[in-house]
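# A closer look at the structure
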Amino acid sequence: MKVLQQEIARTSNFFTGDETLQKVLEMMLDKEFSSYAHRELTDFGELCADAIDVRAKHTDRQGEPRLQRYNAYGEEVSEVWVNDGYKKTIEETYNTGIVGYVHKDIPQLGHKGNYVYSFAQGYLLSHAEPGFYCPVTLTMATAYLLDHYAEEEVKQRFLPHVCATGDLELYEGATFLTERQGGSDVGANVVEAKLVGNEYRLYGEKYFASNAGMCGVAMVLARIDGAQAGSKGLTLFAVPWRNEDGSVNHLRIRRLKDKLGVKAVPSGEVEFDGALAYVVGDPNKGIYYMLEALNLSRICNAVASIGIMRRGFLEAKHYVSNRYAFGKPLTQYPMIQDTLGKYAAKLHVEVATIFDLIQLYDKVTSGQGTEQDIIMNRLYIAIMKKETAEQAVHYASEAIELHGGNGYIEDFVTPRLLRDAQVLTVWEGTANILALELIRLVDKYRAHELFVQEMSERLEVLTDHSLVKIVQEQLTKLSATLQIFSALDEATKTFEAKDVAQKMAHLYESVIAVEWAQKFGGKYEKLADVYLEQTWSLRPIGASMKTVQYFDEIV
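One numbering rule holds for all chains: residues counted from 1, following each sequence as written. Two thresholds apply to this predicted model, a pLDDT of at least 70 for residue-level local features and 80 or more for giving and counting side-chain atom pairs, whereas whole-chain, interface and lining totals are computed over all residues. Heavy atoms from the whole structure form the basis of all side-chain values; hydrogens and water molecules are not counted.

## Section: the domain arrangement of the chain
According to the domain assignment, the chain consists of domain 1 (171–282) and domain 2 (447–551). Summarising the inter-unit geometry, the C-alpha centres of domain 1 and domain 2 are found 42 Å apart. All the domain ranges listed were derived from an automatic or database domain assignment.

## Observations concerning the packing of aromatic side chains
The criterion for an aromatic pair is that two Phe, Tyr or Trp rings (for Trp, the six-membered ring) have centres within 6.5 Å, with stacked assigned to planes under 30 degrees apart, edge-to-face to planes over 60 apart and tilted to the rest. Across all of its chains, the model carries 19 aromatic pairs by this definition. Ring geometry for Phe-158 against Tyr-278: centres 5.8 Å apart, planes inclined by 65°, an arrangement best described as edge-to-face. Of this pair, Phe-158 sits in helix H7 (residues 152–162) while Tyr-278 sits in strand S11 (residues 267–279), and the two are 120 residues apart along the sequence. Taken individually, Phe-158 and Tyr-278 each receive the classification buried, so the pair is uniform in this respect. Runs of H or I in DSSP of at least four residues are treated as helices and runs of E of at least two as strands, each being numbered from the N terminus. A simple rule labels every residue: compare its accessible area, found with a 1.4 Å probe on the protein chains alone, to the largest value its type can have, and call it buried under 20%, exposed over 50%, or partly exposed in between.

## A closer look at the nonpolar core
Phe-119, Tyr-133, Phe-176, Leu-202, Phe-355, Ile-358 and Phe-451 are the most contacted members of the largest nonpolar core, which totals 189 residues. Ranked by the residues each element gives to this core, the list is headed by helix H8 (residues 286–322), at 18 residues. Here this core spans two domains, since at least three of its residues come from each of domain 1 (171–282) and domain 2 (447–551). Leaving out residues up to four positions away in the same chain, Tyr-133 has contacts with Ile-98, Phe-119, Gly-122, Leu-125, Ser-126, Met-140, Cys-300, Val-303 and Ala-304. Residues enter a nonpolar core if they are buried and are Ala, Val, Leu, Ile, Met, Phe, Trp, Tyr or Cys, with the set joined through side-chain atoms within 4.5 Å. Should any heavy atoms of two residues lie within 4.5 Å, those residues are considered in contact.

## Brief notes about the UniProt feature "domain: Acyl-CoA dehydrogenase/oxidase C-terminal" (unreviewed entry) in the chain
UniProt positions are given in the numbering used here, feature names are shortened, and annotations may be inferred rather than shown by experiment. Mapped onto this numbering, the UniProt entry gives "domain: Acyl-CoA dehydrogenase/oxidase C-terminal" (unreviewed entry) at residues 284–436. Between the C-alpha atoms that bound residues 284–436 the distance is 23 Å, and the span itself is 76% helix and 3% strand.

## A word on the environment of Leu-360
Looking at the secondary structure, you find Leu-360 in helix H9 (residues 334–365). Between the C-alpha atom of Leu-360 and that of Asn-95, which follows or precedes it by 265 residues, the distance is 26 Å.

## Some remarks on the pairing of strand S2 (residues 76–81)
Relative to S2, strand S1 (residues 66–70) runs antiparallel, the two sharing 4 bridges. Each bridged residue has a counterpart across the sheet, and for Leu-67 the counterpart in S2 is Val-80. A pair of strands is treated as paired once DSSP finds two or more bridges between them. Hairpin remark: S1 followed by S2, antiparallel, with 5 residues in the connecting loop; positive phi at Gly-74, about 80°.

## A closer look at helix H14 (residues 466–486)
A helix is expected to reach a length of 1.5 Å times the quantity of its residues less one. The first and last C-alpha atoms of H14 sit 30 Å apart over 21 residues, in line with the 30 Å expected at 1.5 Å per residue. Those residues of H14 that fall on the buried side of the exposure criterion are Leu-467, Val-468, Val-471, Gln-474, Leu-475, Leu-478, Leu-482, Phe-485 and Ser-486. Angularly, the buried residues of H14 cover 120° about the axis, an arc narrow enough to put them on a single face. Exposed side chains of H14 directed beyond 90 degrees from the buried face belong to Thr-476, Lys-477 and Ile-484. Summarising the geometry, the arc corresponds to the directions from the helix axis toward the C-beta atoms.

Structure below.
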């Protein structure tokens with residue numbers, strides 16, 4: 001019994017042992033902000049590893065959201081029931097300012113936070129509850145759209161509630177895009193917006209509406225009568241879930257989806273039957289606004305992915321450290337050391353790369369980015385959302401295998417990690433959709449040339465080192481590939497784009513790896529060495545086993 005208890009013990013704090021994240025905060029935040037973030041994330045890291053994690057298991061297995069369409073009098077109410085633990089997680093998470101402090105001052109600092117800090121919170125939350133991070137993501141996107149584009153009256157009506165940190169009633173957010181006939185083809189959307197007197201009313205159906213029934217306000221794309229066909233004819237609306245008297249705003253939930261994972265977020269089919277709606281921004285730019293929010297959501301998706309990856313690593317490391325086979329701990333076997341060593345290297349580099357991207361996103365969204373920054377921001381988001389989502393699935397599966405048969409048993413967290421990870425390859429754009437984004441950026445902005453230029457400049461400032469030379473050689477090869485890719489016909493581009501996107505993601509990560517190796521040395525040089533050897537298939541058969549040699553230091 002003692003051994004079993006050791007095997008299923010949880011990590012006590014997801015933040016305190018994460019050296020990569022701590023160094024990220026030291027590099028990207030000023031001294032006062034970094035100290036504040038360290039204190040707050042220490043508390044939140046403990047909360048995520050303990051109470052939020054326990055509640056997440058309950059929500060996934062017994063307490064998932066349920067639709068209550070009617071009240072006792074037979075009146076349609078379209079309410080979603082969530083368990084009390086879920087409500088507590090909502091309160092504790094939003095009160096940290098994970099959404100609000102991007103848009104309003106942190107009282108202890110006297111200034112706003114930023115996305116680096118918010119995504120650090122989201123990363124820790126995703127160790128325990130990536131399903132609940134979806135509603136947080138949607139609330140972040142809603143806040144972004146209201147803050148950047150809504151007229152003052154609409155902004156003041158909703159934004160303070162969306163950014164609530166315990167001071168006001170919280171309105172969680174939602175972004176409703178998908179319709180049954182359209183899917184990724186948003187231009188096929190048919191939900192109508194009709195002007196009734198001086199108010200707009202929405203009619204139609206959104207087929208995959210996450211956070212349905214839990215949101216206080218949803219951002220909805222609809223087509224005003226007489227607007228042009230296609231995506232350019234869509235207008236963005238803010239739609240309150242309830243009227244001021246508390247009644248449902250002329251909408252209903254047809255059903256909730258029975259999903260493979262991420263049970264914490266209620267995803268449903270929502271019908272609008274005259275729902276009151278407020279125009280957000282220029283009526284002719286709805287699709288552009290929503291695409292901006294989509295890029296934010298894609299970063300959230302990547303943050304959820306690396307959170308799942310690290311939780312899988314922590315669970316696998318703990319398990320094999322306490323498990324004996326054939327008279328020895330599993331960690332004494334080279335195969336186990338190799339697997340964990342490669343896992344540790346990929347995890348470190350991916351976390352560091354995502355936060356490098358987030359730092360650029362902060363710059364762009366604050367209005368300080370150049371035109372090149374804006375293009376590179378879109379490119380990094382596309383290639384890294386794809387890469388992290390695929391790696392989350394791969395490494396969640398790897399964590400199961402390291403547990404052996406126990407990894408497949410729901411008493412352990414590993415099955416939930418895999419189920420939750422799988423949706424991340426779909427939400428906010430599949431690999432195919434992201435590949436099309438790469439093609440658009442190459443065709444319209446010559447993004448491949450900007451990418452090579454950016455990577456070259458970052459490598460040039462590093463001192464001469466064998467690891468840097470490896471990355472320079474790979475960049476030379478990739479540069480030639482990108483020139484060929486840019487000249488292909490459209491059909492062939494679509495065939496090659498996913499593989500090209502992966503190579504670009506690997507090159508970006510490789511640059512980050514060697515930057516950290518030179519800045520911090522020691523452990524980080526070894527992690528970079530392992531990452532580069534694995535990523536670019538550099539190790540000949542029979543060569544030295546670096547993951548085994550470095551095991552004690554990197555794992």
